[in-house]
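In case you want the letters, here they are:
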Amino acid sequence: LQNDLEAVRWVGGVEIEHIAMATGGRIVPRFEEISAEKLGHAGRVKEITFGTSDERMLVIENPVNTTAVTVLVRGGSKMIV
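Every chain begins its residue count from 1, and numbering advances along the sequence as written. In keeping with the predicted nature of the model, local features appear solely for residues at pLDDT of at least 70, side-chain atom pairs appear and are counted solely at 80 or more, and the whole-chain, interface and lining totals rest on all residues. Computation of side-chain values covers all heavy atoms of the structure but excludes hydrogens and water.

Undergrad: Whenever I open this one, the overall build of the protein confuses me. Can you help?
TA: Within the protein, the secondary structure is distributed over one helix and two strands. Along the protein, helices (α) and strands (β) appear in the sequence α-β-β when read from the amino end. Relative accessible area decides the class of each residue, using a 1.4 Å probe on protein chains only: under 20% of the type maximum gives buried, over 50% gives exposed, and in between gives partly exposed. Within the protein, the proportion of its 81 residues that are buried is 11%. Summarising the internal contacts of the protein: among those between residues at least 6 apart in sequence, 27% fall at separations of at least 24. Per-residue and other accessible areas follow the Shrake-Rupley method at a 1.4 Å probe size, with only the shown protein chains counted as cover for residues. Of the accessible surface of the protein, which amounts to about 7200 Å², a share of 52% is contributed by carbon and sulfur atoms. For helices the rule is a DSSP run of H or I covering at least 4 residues; for strands it is a run of E covering at least 2, with both sets numbered from the N terminus onward. We call two residues in contact whenever any of their non-hydrogen atoms come within 4.5 Å of each other.

Undergrad: Can you help me understand unusual backbone geometry in this one?
TA: Residues apart from glycine generally show negative phi values, whereas peptide bonds are mostly found in trans. Positive phi is not limited to glycine here, since N62 has a value of about 55°. By secondary structure assignment, the location of N62 is in strand β2 (residues 55-63).

Undergrad: Even after reading the chapter, I still don't get the layout of surface pockets, so can you show me in this structure?
TA: Over the atoms a probe the size of a water molecule is rolled, and this reveals where empty space is left. A pocket here means an open set of points on a 1 Å grid, computed over the protein atoms alone, that has protein on both sides within 12 Å along at least five of seven lines. A cavity is instead a set of points where a 1.4 Å probe fits but cannot get out; residues with an atom within 4 Å of a point line either one. Grid points are joined across faces, edges and corners, and a volume is the space filled by probe spheres set on the points. Computed from the structure, the largest pocket encloses a volume of approximately 950 Å³. Forming the walls of the largest pocket are 26 residues, and the residues nearest its centre are I19, M57, L58, V59 and I60. Among the elements of the structure, α1 (13-23), β1 (42-50) and β2 are those that each provide at least two residues to the lining of the largest pocket. Take the lining of the largest pocket: its biggest share by element is seven residues, from β2. Think of it as three bins: nonpolar holds Ala, Val, Leu, Ile, Met, Phe, Trp, Tyr, Cys and Pro, charged holds Asp, Glu, Lys and Arg, and polar takes everything else, Gly as well. In the lining of the largest pocket, the residues fall into 16 nonpolar, four polar and six charged.

Undergrad: So what exactly am I meant to see when it comes to the side chain of T23 here?
TA: Locating T23 in the fold gives a position in helix α1. We define a polar contact as two N or O atoms separated by no more than 3.5 Å, with the added condition that, inside protein, one atom must be a possible hydrogen donor and the other a possible acceptor, whereas residues neighbouring each other in sequence contribute only through side-chain atom pairs. Among the polar contacts listed, one links the side chain of T23 to the backbone oxygen of I19, at a separation of 2.8 Å. Aside from chain neighbours lying at most four places away, what touches T23 is G40, H41, A42, I60, P63, V64 and N65.

Undergrad: I'm lost on a nonpolar patch on the surface in this one. Help?
TA: Taken together, the side chains of V8, V11 and L58 make up a nonpolar region of the molecular surface, amounting to roughly 190 Å² of accessible area. Looking at the secondary structure, you find V11 in the segment before α1. Patches were defined on residues exceeding 30% relative accessible area and lacking a salt bridge, with like-charge contacts within 9 Å and nonpolar side-chain contacts (Val, Leu, Ile, Met, Phe, Trp, Tyr) within 5 Å. Salt bridge criterion: a side-chain nitrogen from Lys or Arg within 4 Å of a carboxyl oxygen from Asp or Glu.

Undergrad: I would appreciate a short explanation of the pattern of salt bridges in the present structure.
TA: Any two side chains of opposite charge can pair if their charged atoms end up close together. Throughout the structure, instances matching the rule amount to three salt bridges. For E47, the salt bridge is made with R56, and the minimal N-O distance between the two is 3.8 Å. On the basis of relative accessibility, which here comes to 59%, the residue R56 falls in the exposed class.

Undergrad: Mind showing me how you'd approach the environment of A42 here?
TA: Examined against the element boundaries, A42 turns out to sit in strand β1. Since its relative accessible area comes to 31%, A42 is described here as partly exposed. Considered as a pair, A42 and I60 are 18 residues apart in the sequence and their alpha carbons are 6.8 Å apart.

Laid out in structure tokens, this is it:
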């Protein structure tokens, strides 16, 4: 995080395309290529950790181009959900 600008690294394939579509942003391969018209918008972006192995998840709240909802369901083991 620099100058209050969030950036996503090491996200590939379909996931980064979904983030770009949901926020109205464009995928930029290098920071030197960032411009105001390529930035997306969301109400809030945060990273949360959970579980015993410090799993991480990026949460994007109130993106400008979607009405989709994600529900994360976890259980204590593969047998319990």
